[in-house]
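Per-entry structural report
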Amino acid sequence: MGNVLIIVLLVLVIVFSVKNSIKHFRGEGGCCGGGGSGITKADIPVKVLEGEKKGELLISISGMHCDHCAYSVTKAINRIDGASADVDWKKKRAVVSYDREVSREAIRNAVAGEGFEVVKIEG
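Conventions used here
- Residues numbered from 1 in each chain as written.
- Predicted model: local features only at pLDDT ≥ 70, side-chain atom pairs only at ≥ 80, totals over all residues.
- Heavy atoms only, no water.
- Helix = DSSP H or I, 4+ residues; strand = E, 2+ residues; numbered from the N terminus.
- Buried < 20%, exposed > 50% of the residue type's maximum accessible area, 1.4 Å probe, protein only.
- Contact = heavy atoms within 4.5 Å.
- Areas by Shrake-Rupley, 256 points an atom, 1.4 Å probe, with all protein chains shown as cover.
- Salt bridge = Lys/Arg side-chain N within 4 Å of Asp/Glu carboxyl O.
- Polar contact = N/O pair within 3.5 Å; in protein donor to acceptor, adjacent residues only side chain to side chain.
- Pairing = 2+ DSSP bridges.
- Axes fitted to C-alpha atoms, helices over the stretch in contact; angles between N-to-C directions.

**Quick word on the overall build of the protein chain**
From N to C terminus, the protein chain includes three helices and four strands. Written out in order from the N terminus, the α and β elements of the protein chain read α-β-α-β-β-α-β. Buried residues in the protein chain amount to 33% of all 123 residues. For the protein chain, contacts bridging at least 24 residues in sequence account for 70% of all contacts bridging at least 6. Just so you have it, the protein chain exposes about 7700 Å², and 57% of that area is on carbon and sulfur atoms.

If you want it as structure tokens, here you go:
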């Protein structure tokens, strides 16, 4: 009887884990500190550049799974003087507009500081 109870508990744990993992990778569950915080695309800050836009960089980023991830990356890049980020976690990328020279290393460090990895920078 004890073995049956243990097996039933293990099956329940596995089912619950698989269900939550699927939600996580669809961006439907809390992750990365999101914890159901209710952050949506509308909550992600928009930074207006001080000067005239000089150009854009397309940044490929790995590890983002939800709006909270996009929120974290956006805030980190927006802290860089002269840079404004539009992050799309579903496309795994950020479009960074700039009004002055922006170091690619500064962008890599900002993204890495939030626990994500810059895969490629184009532009």
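**Here we look at the pattern of salt bridges**
Scanning all chains against the criterion turns up five salt bridges. Its salt-bridge partner being Asp99, residue Arg100 comes within 3.0 Å of it at the nearest N-O pair. Asp99 sits in the buried class, given a relative accessible area of 8%. One salt bridge in this structure joins Glu122 and Lys120, with 3.4 Å as the shortest N-O distance.

**Structural notes on the side chain of His65**
For His65, the position within the fold is in the loop between strand 1 (55-62) and helix 2 (67-78). Its relative accessible area of 18% is what places His65 among the buried residues. A distance of 3.3 Å separates a polar side-chain atom of His65 from the backbone oxygen of Gly63.

**Focus on the sheet that holds strand 4 (residues 117-122)**
Strands sit in the order 2-3-1-4 across an open sheet of four strands; the sheet is antiparallel. The sheet is open, and its two borders are formed by strand 2 (83-88) and strand 4, each paired with just one other strand. When strand polarity is set aside, the average angle formed by the axes of neighbouring strands in this sheet is 25°. Pairing between strand 1 and strand 3 (residues 93-98): six bridges, direction antiparallel. Paired with Leu58 across the strands is Val95, a residue of strand 3. Across the sheet, helix 2 touches strand 1, strand 2 and strand 3, and the angle it forms with strand 2 is around 165°. The strands that helix 3 (residues 104-113) touches are strand 1, strand 3 and strand 4; relative to strand 4, the one it contacts most, it runs at about 150°.

Keep in mind these values describe shape, not function.
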